[in-house]
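Residues per chain, in single letters:
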Amino acid sequence: MNRSQSSKSAVATQILIAGSIIWSLLGGGLQILANLQLLIPMLAYFQPTAVFGYGRLVPAATFLLTYGWIGSGLLGVLMILVPRFSGIPFRHNHVLTFGAIAWQLAILTGLTQILMTGGSGLLSLPFGRTVTLILLVSFLVLGTGITRGLGGTWKSGPILPRLYLLGGILAFPLGLGTAELLLRGGTAPGGVQIITQLVWHSFVHHLWLTPMALVLLFQLLPTLTGRPTTSLSLGLLSWGLFFTLGGWASNSLASQGPVPSWLQSAGVVAGVLLFVAALGNTVLFQPLLEGKMDEIRRNVALRFLSLGAWSYLVAYGWMMFLSIPGVRQNTAFTVAWNANQSVFLFSFLGSILAGSIYALLPVVRNLGWPSHSSLLWHFWCTALGVALTFSGYALGGVLQGLALNDPGVPLSTVASYLCPFLVVIIAGQALWIVGQLAFSSLLIATLLKLFPSTAPMAVFPSSRTSGADLAPVRH
Amino acid sequence: MKPTRALAIVLVALLFTWIGQVAVGYLQVGKLEPVLNEETSLTNPPAPSGLAQTGARVFASEGCLECHSLSVRGPAGSADLTRGWGPRRSVPRDYLFREPALIGFARIGPDLSDVGERIKEPNDLMMHLLNPKKLRSTSTCPPHPWLFELKLAGPKNENDSMPVTAADWKQVVPSYKAKALVAYLQSLNLGYPLPEAPLK
């Protein structure tokens, strides 16, 4: 690829990745503020404005983490990766830069809307029409650019990443456009609006973000380990399951109520089959990582990608577990579903995003990563933070559900049961933010070229006995 | 695999998702109509007032759904009815006039599908918004003082001023948003029978 073309498209990439890190810190911070208010309700009595009220902080944090951190970041790393596996460079790089800026503008506008005037209350669509419009225009630009990189013929190169990418890129505008039309266009009556929200929620998580993350796993794991993916037919089967049933999975969030029971049952079936698809993909990833423990320890990109690959299975396993009717009766309406969000966003998608940035950004910037200790801080704070957050939400949610279903337990007591778990959750989220701070310090140093190293990939030293080991290893 | 074939498969899968759920869902619940109560000549579910419809938007924007659900489950496998959150389970027809239609997925606080029936006095709801602990000392609900205005007290308080003391000769008066929100909460009740969910 022409070097000047590459550096021009790198501007859009860097905007998306830098934006992603900023939104992650802000989103994580807002999430902690919200949970602090849940833990100490009296705190709410000291704030005279609505801006930092619990009811605004929660949707704002979820929006920032989903669309700002993961959405923006995954688009950024895909813009590095896709032209490289197809060999087709981006054209009209100024337009791509406009798309990247527009995406950040949409996030900023959405955040301002939610905090200042409140969210819409709609599931996964808490922002107003303006933001939808900006997101669609921006995605049209970025998605078209990335789609060009898929190439006109697929006779050579990887198939599975291309298939997931194609699906993810089509799912976002189709889902968002239809949801916007049905939910705010005045075309859908009450019950249908609720179904539409659940479908859109599924689109965002299982048809847009998951496929984009899988593109990175299917492309980077074989590259980093030097081993090819073994079975294309198993990969195709999992891909087919994902795109046929991914849009149905969120129906299992509903428990009785206004959603027709056949749709809830379909949600359970989709949850189980999506786990089967995740298992199928894990069967493909496992041989790539087998016997590579030393390399996983040394190579920070591989370390994060491995964590993401295993979290992928855990996220879909937990979702399937919560979908089982007997379990769902107890865990519906509880924070057990937040455990799913924490493992899905923070561990599965977040780790793949971090691993991909570690692997790919130096390729664009022709730089390595400067600080070994920051890499370690990032990994361990992320892993421990997510483990604490997940276990706090999961155990707290199960206990909350059992108590809610016991009419002898007053509701205030149910809320008090959550307190010790909230302490664990907040500690986990704080640890995660420390990890993100370590990561952002590395990222800022890389983007500003503050150090002279030229390693193409972040690697831990194999021995940590001497100070010389702290320098990045040259490939 | 050819790109065009892959594109066709993805499009079919995505359309299957929308048509299978939204179109079939529309045929099943989108064509529901309110039921006429012949004794009162009113419809079930009752149509909310304009103020209550505005209140629904305030309810959404204040993020009440982050703690409260709007969907009562039946007796099988849940204690919703025993907790007194409604006289019957919620069904799709209950949401006919809801705009936006919301159900919420958290229960840090109680379900509000029937709150209009549980708390009939609008002043109690208003006080709950201003200071939840005044109404129930164990409440963990955050206060919403921004829904109220401080006005200079005249020789006589305004009719709807809150029975709380404010500093500097001022009185606490609910804003339009607070009134709309209370009207919406009062409109939430399940105390009417439907063919698919009769009152017991």
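Cut-offs and rules
- Residues numbered from 1 in each chain as written.
- Chains lettered and ligands numbered in written order.
- Predicted model: local features only at pLDDT ≥ 70, side-chain atom pairs only at ≥ 80, totals over all residues.
- Heavy atoms only, no water.
- Salt bridge = Lys/Arg side-chain N within 4 Å of Asp/Glu carboxyl O.
- Helix = DSSP H or I, 4+ residues; strand = E, 2+ residues; numbered from the N terminus.
- Buried < 20%, exposed > 50% of the residue type's maximum accessible area, 1.4 Å probe, protein only.
- Core = buried A, V, L, I, M, F, W, Y, C linked by side-chain atoms within 4.5 Å.
- Domains from an automatic or database assignment.
- Contact = heavy atoms within 4.5 Å.
- Buried area = accessible area lost by both parts, 1.4 Å probe.
- Polar contact = N/O pair within 3.5 Å; in protein donor to acceptor, adjacent residues only side chain to side chain.

On inspection of all chains with the given rule, the structure shows twelve salt bridges over all chains. The shortest N-O distance in the salt bridge between D294 of chain A and R297 of chain A comes to 3.5 Å. Note that D294 of chain A and R297 of chain A are positioned in helix 9 (residues 293-298) at a spacing of three residues, about one turn of the helix. The exposed category is assigned to D294 of chain A, whose relative accessible area is 57%. Owing to a relative accessible area of 45%, R297 of chain A belongs among the partly exposed residues under this scheme. In this structure, R107 of chain B engages D80 of chain B in a salt bridge whose closest nitrogen and oxygen atoms are separated by 3.0 Å. On the criterion of sequence distance, the pair formed by R107 of chain B in the loop between helix 2 (50-61) and helix 3 (115-118) and D80 of chain B in the loop between helix 2 and helix 3 is long-range, its members being 27 residues apart. Taken as a pair, R107 of chain B and D80 of chain B share a single burial class, namely buried.

This paragraph deals with the nonpolar core. By size, the foremost hydrophobic cluster in this structure holds 201 residues, and its most contacted members are Y67 and Y316 of chain A. Per-element tally for this core: the top contributor is helix 6 (residues 190-225) of chain A, with 21 residues. If you count residues domain by domain, this core takes at least three from each of domain 1 (1-157) and domain 2 (339-461) of chain A. When sequence neighbours within four positions are dropped, the list of residues in contact with Y67 of chain A reads S72, W103, I107, S124, F127, L135, F172, W200, V204 and W208 of chain A. Residues V414 of chain A together with V72, V91 and L194 of chain B belong to the second largest nonpolar core, which totals twelve residues.

Our next topic: the domain arrangement of chain A. All names here are of chain A. As far as domains go, chain A holds domain 1 (1-157) and domain 2 (339-461). One C-alpha centre belongs to domain 1, the other to domain 2, and the line joining them spans 18 Å. The interface of domain 1 with domain 2 comprises 27 residues on the first partner and 29 residues on the second. Of the roughly 2600 Å² buried where domain 1 meets domain 2, counting both sides, 79% is carbon and sulfur surface. Counting the contacts that link domain 1 with domain 2 gives zero salt bridges. Counting the contacts that link domain 1 with domain 2 gives four residue pairs in polar contact (both at pLDDT 80 or more). Where the side of domain 1 that touches domain 2 is concerned, the elements lending two or more residues are helix 1 (3-39) and helix 2 (54-86). Considering each element in turn, the side of domain 1 that touches domain 2 owes the most residues, 16 residues, to helix 1.

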